[in-house]
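Observations on the three-dimensional arrangement
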Amino acid sequence: MTLWHGRLGSGTAAEVMAFTASLSVDRRLAADDLAGSRAHVRGLGRGGLLTAEEVSTLLAALDRVEHELETGSFVFAEGDEDIHTAVERRVTEIAGDVGAKLHTGRSRNDQVATDLRLYVRRSVAAVVSGILEVEEVLRTRAVEVGDAYLPGYTHLQRAQPVLLAHHLLAHGWALARDVDRLLATATRADVSALGAGALAGSSLALDPVGTAEDLGFAAAFDNSLDAVSDRDFVAEVLFDLALLGVHLSRLGEEIVLWSTEEFGFAVLEDAYATGSSMLPQKKNPDVAELARGKTGRLVGNLTALLVTLKGLPLSYNRDLQEDKEPLFDSVEQTTLALAAMAGLLRTVHFDVATMQEAADGPTSAAVDLAEWLVERGMPFRQAHAVVGGLVRDSLERHVPLVELVDAHPDLGPDAVALLEPGTAVTRRTTPGGAGPVPVAAQLERFARRLERDRARAGTPAG
Ligand code: ARG
C-alpha cells in the first residue's frame, strides 16, 4: 500500500516504482531521518497533537527501527520508495494506530530537506577532519625536510630553486582554504526545514523553531517555499568538494611526475603504490592518479546538480531527488581520497640529492646575477639583458656560465659565488618567499592556522 492510497486507487506500476524509488541511495540518510522524526514527534507533543504516551510510544518505535537498521535486521518492503517511507511504514507496523500519527503536519518535502542538512553537517565535519589530517602530514613533512630544496617551476620549466618545505606548504594553504570554505558552507546550511510541510507550513500547532533547536540547528527556515526547494547548500558542498578535488589532483599530478624515472624526486612506499599485472618491474602511482582522476567525477557531480536546479519552479519538484546521489558520491570519494593521500604523503620518500642536483643547474641563479647587478646600480631591464646574453652565449659556445660570469667586467669573481650550489635558495628572503628565513616564519603561521581550524572544526589534534 502506498502513502497515497486514499487518492490513487490502483497500486503503482512496477516500472514506475523502479524508476522513481531512491531507497538504494537515500538509505544513507537513515540516521538523519530518525533524528528528524524524533524531533518532529517531540514537537507534536509540545503542540498538543500527541499525548505524552503517544510521544513515548513513537519514540520507542523509532528506537526499535534504529536498532533494526543498525543490526541489519530491518527488512525493507517492496513498497519502500525511499528511506522516509520505509521508516514510517515500520514505525506504523510497530506502533499500530499511533504510528499513523507520525507524519502529522509533515511532508517528505520538509523531511528530506531537513535530513539532507543533517547529513551535510556530519559529512562536512568528516571531510574537514580528513583535510586537516592531510594538512598535518604536509606540515610534519615540511618540518622534517628542513632546508632541502628543489627546482621551482613555471611552465614546467626550471625557474628558481625553492625549499621543499615551501612547495609542500603551498599545497597545504590550498587545503586550508578548502577547510574554510566547507566550514562556511556548513554555517549557511545550518538551518532546519522541518515544519515547512509540503510547501506552505501548516494549520496545526507545529513548532519549527523548537524542532530546529532540538536538532541543534542554528535557526529555523524563514520561508516555507524556500525551505523545501532550496538546495544551495548541496551545490555549495559539491563546489567545495570539486575544488578540493582539483587541489588533490594537482598534488597527485606532482607525485606522478616526481615518481617518474625522469624526475626521480620521490619514491613511493610499497603500501601506497601498485604493481602491474604484466610488467614485473612496474611500481605505479595509482593513488595519486586516482586523486587526479576522481576529480572529473567531482566536477561532474557539481555540474549535474546545477543543471538539475536550473529553471526549476518553486517549490518542491521530484527532480530534487537527484540531489543526493552526487552529494553522497562526492563526500564518499573525497573521504577515501583524503585518507589514501594522507598515507601516501606520510610515507613517500623524497630523493633530496636528486632534487638539489636538479635545482643546482647552471642557470638556476640567473635572476640572482641580474639582481646582484641591480644592487650595484644597473637598471633591471639592462641587467636582465646582460645575464640573458651570457646564458645564450654559454649554451651556443658550450662555455660554462661560471667562466663567463667570472670574466664579465660588471660581474667577476664576487658574482661567481652566487652560482655555488645551494646559494640561490637562501637569497629568497622576502616575506612569504621560498628561502629558509621566510619559510621558517611560514611554518609557524601554518601550524597556528591548523590549530585554529582544528578548534573551529571541533577536531582535536591527533
Ligand atoms: N525521495 C524524495 C526525495 O528525495 C522524497 C520527497 C518526495 N516528495 C514528494 N513530494 N514526492 O526528494
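Above: the structure in question.
Notes on the structure follow.

Analysis parameters
Residues numbered from 1 in each chain as written. Predicted model: local features only at pLDDT ≥ 70, side-chain atom pairs only at ≥ 80, totals over all residues. Heavy atoms only, no water. Axes fitted to C-alpha atoms, helices over the stretch in contact; angles between N-to-C directions. Helix = DSSP H or I, 4+ residues; strand = E, 2+ residues; numbered from the N terminus. Parallel < 35°, antiparallel > 145°, perpendicular 65-115°, else oblique. Left-handed = near helix turned anticlockwise from the far one by under 90°. Contact = heavy atoms within 4.5 Å. Nonpolar A, V, L, I, M, F, W, Y, C, P; charged D, E, K, R; others polar. Salt bridge = Lys/Arg side-chain N within 4 Å of Asp/Glu carboxyl O. Buried < 20%, exposed > 50% of the residue type's maximum accessible area, 1.4 Å probe, protein only. Near = heavy atom within 4 Å. Polar contact = N/O pair within 3.5 Å; in protein donor to acceptor, adjacent residues only side chain to side chain. 1 Å grid on protein atoms, 1.4 Å probe; cavity = no way out; pocket = protein on both sides within 12 Å on 5 of 7 lines; lining within 4 Å. Points joined across faces, edges and corners; volume = space filled by probe spheres on them. Pairing = 2+ DSSP bridges. Patch = residues over 30% accessible without salt bridge, like charges linked within 9 Å, V, L, I, M, F, W, Y side chains within 5 Å. Areas by Shrake-Rupley, 256 points an atom, 1.4 Å probe, with all protein chains shown as cover. Core = buried A, V, L, I, M, F, W, Y, C linked by side-chain atoms within 4.5 Å. Phe/Tyr/Trp six-rings, centres within 6.5 Å; stacked < 30°, edge-to-face > 60°.

This part takes up the packing of helix 14 (residues 366-375) against helix 15 (residues 380-397). For the pair helix 14 and helix 15, interaxial distance at closest approach is 9 Å and the crossing angle is 135°. Our classification of the angle between helix 14 and helix 15 gives oblique. Seen along the crossing, helix 14 lies across helix 15 with a hand that is right-handed. In this structure, helix 14 contributes Ala366, Leu369, Ala370, Leu373 and Val374 to the contact, and helix 15 contributes Phe380, Ala383, His384, Val386 and Val387. Here the contact of helix 14 with helix 15 is composed, by residue class, of 9 nonpolar, 1 polar and no charged.

Following the criterion strictly, the structure yields 36 salt bridges and no others. The salt bridge involving Arg28 is made with Glu332; its shortest N-O contact spans 2.6 Å. Of this pair, Arg28 sits in the loop between helix 2 (23-26) and helix 3 (30-46) while Glu332 sits in helix 12 (residues 324-347), and the two are 304 residues apart along the sequence. Looking at Arg28, the relative accessible area reads 35%, which means it is partly exposed. In this structure, Asp230 engages Arg117 in a salt bridge whose closest nitrogen and oxygen atoms are separated by 2.8 Å. A residue pair is termed long-range when its members are at least 10 positions apart, and Asp230 in the loop between helix 9 (224-229) and helix 10 (232-258) and Arg117 in helix 6 (residues 108-144) qualify at 113 residues.

The subject of this paragraph is the site of the ligand. Taken together, Ser22, Asp26, Asp82, Arg108, Asn109, Val112, Tyr316, Arg318, Gln321 and Lys324 make up the full set of residues adjacent to the ligand. The side chain of Asp82 places a nitrogen or oxygen atom 2.8 Å from a nitrogen atom of the ligand. In this structure, an oxygen atom belonging to the ligand sits 2.6 Å away from a side-chain N or O atom of Lys324. Broken down by element, the shell around the ligand gets its largest block of residues, 3 residues, from helix 6. Residue composition of the shell around the ligand, grouped by class: 2 nonpolar, 3 polar and 5 charged.

Moving on, we get to the layout of surface pockets. Here the largest pocket is characterised by a volume of approximately 480 Å³. In this structure, the largest pocket is lined by 17 residues; those nearest its centre are His167, Ala170, His171, Arg250 and Glu254. When residues of the lining of the largest pocket are traced back to their parent elements, those giving at least two are strand 1 (149-154), helix 7 (164-188) and helix 10. For the lining of the largest pocket, the per-class residue count stands at 8 nonpolar, 5 polar and 4 charged.

Turning our attention to the packing of helix 3 against helix 6. At a minimum axis distance of 9 Å, the contact between helix 3 and helix 6 shows a crossing angle of 120°. Judged on the interaxial angle alone, helix 6 and helix 3 are oblique. With respect to the hand of their crossing, helix 3 and helix 6 are arranged in right-handed fashion. Every residue of helix 6 that contacts helix 3 at Asp32, Asp33, Ala35, Gly36 and Ser37 is listed here: Gln111, Asp115, Leu118, Tyr119 and Arg122.

Regular strands have side chains that alternate between both faces of the sheet. The pairing of strand 1 with strand 2 (residues 157-163) spans 6 bridges and is antiparallel. What sits directly across from Tyr149, in strand 2, is Leu163. Hairpin connection from strand 1 to strand 2: 2 residues lie between these consecutive antiparallel strands, with His155 at a positive phi of about 55°.

Residues Leu199, Leu225 and Leu314 make up a contiguous nonpolar surface patch of roughly 270 Å² in combined accessible area. The class for Leu199 is partly exposed, based on a relative accessible area of 39%.

It is worth spelling out the nonpolar core at this point. If you look at soluble globular proteins, the nonpolar side chains tend to sit buried side by side. Residues Leu164, Trp258, Leu327 and Phe350 are the most contacted members of the largest nonpolar core, which totals 92 residues. Leu164 has contacts with Val145, Ala148, Tyr149, Leu150, Trp258, Phe350 and Met355, leaving out every residue within four places of it along the chain. In this structure, Ala370, Val387, Leu404 and Val416 belong to the second largest nonpolar core, which totals 18 residues.

Turning next to the packing of aromatic side chains. Counting across every chain of the model gives 7 aromatic pairs. A ring pair is formed by Tyr119 and Phe328, whose centres lie 4.7 Å apart and whose planes are at 65°; its orientation type is edge-to-face. In this pair, Tyr119 is assigned in helix 6 and Phe328 in helix 12, connecting sequence segments 209 residues apart. Tyr119 sits in the buried class, given a relative accessible area of 5%. The exposure class assigned to Phe328 is buried, which follows from its relative accessible area of 1%. With 5.9 Å between their ring centres and 55° between their planes, Tyr153 and Phe263 make a pair best called tilted. Of this pair, Tyr153 sits in strand 1 while Phe263 sits in the loop between helix 10 and strand 5 (266-267); the two residues are 110 residues apart in sequence, bridging distant segments of the chain. We classify Tyr153 as partly exposed; its relative accessible area is 26%. According to the relative accessible area criterion, Phe263 is buried, its value standing at 18%.

For the rest of this paragraph, the subject is the environment of Thr2. Position of Thr2 among the secondary structure elements: in the segment before helix 1 (14-20). Look at Thr2 and you get partly exposed, because its relative accessible area is 23%.

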